Amino acid sequence: MSDQEPKELFRHATRIFMRLREDPDCKDAQDARDAFIARGDAERKAYDGVLKAWKATGVKQPDKAAVTGKTTSSMVVIAALILTGYMAYSPLRTILLADFRSELTTSSRTLASGDRVDLDASSALQDNTGGAARDVELLAGSAFFAVEAGEVPFTVSVGDVDVRVVGTAFETTLFADSVSVTVQEGLVDVVRGETRWELAAGDRLTINDSQAAVLEDVDGEAVASWRMDRLAMDDMTLQQVAEILDRRLPGRVIVVGDRLSNATVTGSLDLSNPGRALRALAAPYGGQVVTVTSLLAVLYPR
């Protein structure tokens, strides 16, 4: 059974499907589709949902030469797929389990244990602290914890990753295909299965769905910089930055193509105007943003 939520499975299936629509003979895309479907029932249902969404739109294979204004036929197709399928999925588990949820802005909360947590926009947390317990689960988005030292370790669960501390300050982020832990001060243990990492101040560990892990040094100002309404980007991927901006917009942000998604981004963004920030993010990497109603912004290669 897949650990991914339905909306993320649909996002993955949509990307594979669009690669095949653009190039049906692409062996890599065919292999990606077959491997995705073979993972389990949830993946098969997600891909079947994409096929049904495609049929429901009644849109034929787009003419690559056809362009109307800034929106290509491919963008219209993607918009139709997303709006008829991906947008219909609700993160039900988050809604049911969250004790704390933020909307389109950051918020600060006090846990039952008395510890404080800052939530990024559109983030959610389950509070299992209180009594002898000091456990929380990050269900969506990002959270910054400033944990007081105590006899009982403080644990943050993010998917199948556990972050364990005694007294420290750190940020944990749940991206679509990875988990990131960045330490501001103190020591942090990160555990996944039988593997354990010990992080110190200035360390950032990113673990993706393929089990790969990357440990990097980052500037201290990059830790939860969203608390100051800005984003200090220290070798982040463009996809990760887009997801952070997505949390601040009423609709969804979709990045098309691996070239853009995997581009490495360093610098600073003003988060007070996320729409403008998204356009500023796209331009240096040969990207363009098309807004399809208030519900969807698509970042795609020019």
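Residues numbered from 1 in each chain as written. Predicted model: local features only at pLDDT ≥ 70, side-chain atom pairs only at ≥ 80, totals over all residues. Heavy atoms only, no water.

**A look at the overall build of the chain**
In terms of regular secondary structure, the chain is built from eight helices and 20 strands. For the chain, the proportion of its 302 residues judged to be buried stands at 48%. Here the chain displays about 14,400 Å² of accessible surface, and carbon together with sulfur accounts for 51% of that area. (Helix = DSSP H or I, 4+ residues; strand = E, 2+ residues; numbered from the N terminus. Buried < 20%, exposed > 50% of the residue type's maximum accessible area, 1.4 Å probe, protein only. Areas by Shrake-Rupley, 256 points an atom, 1.4 Å probe, with all protein chains shown as cover.)

**Considering the side chain of Asp 127**
With respect to the secondary-structure elements, Asp 127 resides in strand S6 (residues 124–127). For Asp 127, which is buried and forms no salt bridge, the nearest opposite charge comes from Arg 134, at a distance of 9.5 Å. Reaching out from Asp 127, the side chain makes a polar contact with the side chain of Thr 129 at a distance of 2.5 Å. Asp 127 has contacts with Asp 99, Phe 100, Leu 111, Ala 112, Asp 135 and Val 136, leaving out every residue within four places of it along the chain. (Lys, Arg positive; Asp, Glu negative; His and termini not counted. Salt bridge = Lys/Arg side-chain N within 4 Å of Asp/Glu carboxyl O. Polar contact = N/O pair within 3.5 Å; in protein donor to acceptor, adjacent residues only side chain to side chain. Contact = heavy atoms within 4.5 Å.)

**A word on the confidence of the model for the chain**
Chain-level statistics for the chain give a pLDDT mean of 82 and a share of 81% at 70 or above. Mean pLDDT values over the elements of the chain span from 38, in strand S1 (residues 67–68), up to 95, in strand S5 (residues 116–119). Long-range and interchain partners of residues 56–73, a stretch whose pLDDT sits below 50, account for 26 contacts in this model, where long-range means more than four residues apart. Counted against residues more than four places away or in other chains, residues 83–90, with its pLDDT under 50, gives 17 contacts. (pLDDT = per-residue confidence, 0-100.)

**A short note on the nonpolar core**
The biggest cluster of nonpolar side chains holds 28 residues, and the ones touching the most others in it are Leu 231, Leu 238, Val 241, Leu 245, Leu 269 and Leu 281. When residues of this core are assigned to their parent elements, the largest contribution, five residues, is made by helix H6 (residues 238–246). Discounting residues that sit within four places of it in the chain, Leu 231 has contacts with Ser 225, Met 236, Val 241, Ile 244, Gly 267, Ser 268, Leu 269 and Leu 271. In this structure, Val 136, Val 158, Val 179 and Ile 207 belong to the second largest nonpolar core, which totals 26 residues. (Core = buried A, V, L, I, M, F, W, Y, C linked by side-chain atoms within 4.5 Å.)

**Overview of the packing of aromatic side chains**
Taken as a whole and assessed by the stated rule, the structure comprises three aromatic pairs. Here Phe 17 and Tyr 47 contribute two aromatic rings whose centre-to-centre distance is 6.4 Å and whose plane-to-plane angle is 70°, an arrangement assigned as edge-to-face. One end of the pair, Phe 17, is in helix H1 (residues 6–22); the other, Tyr 47, is in helix H3 (residues 41–57), and 30 residues separate them in sequence. Each member of the pair Phe 17 and Tyr 47 is classed as buried. Here the aromatic rings of Phe 145 and Phe 154 are separated by 5.6 Å at their centres, their planes lie at 55°, and the arrangement is tilted. The residues Phe 145 and Phe 154 share a single accessibility class, namely buried. Taken together, the aromatic side chains of Phe 145, Phe 154 and Phe 170 make up a single cluster linked through ring pairs. Between Arg 227 and the ring centre of Phe 144, over which it is positioned, the NZ or CZ distance is 3.8 Å. (Phe/Tyr/Trp six-rings, centres within 6.5 Å; stacked < 30°, edge-to-face > 60°. Lys NZ or Arg CZ within 6 Å of the ring centre and 35° of its normal.)

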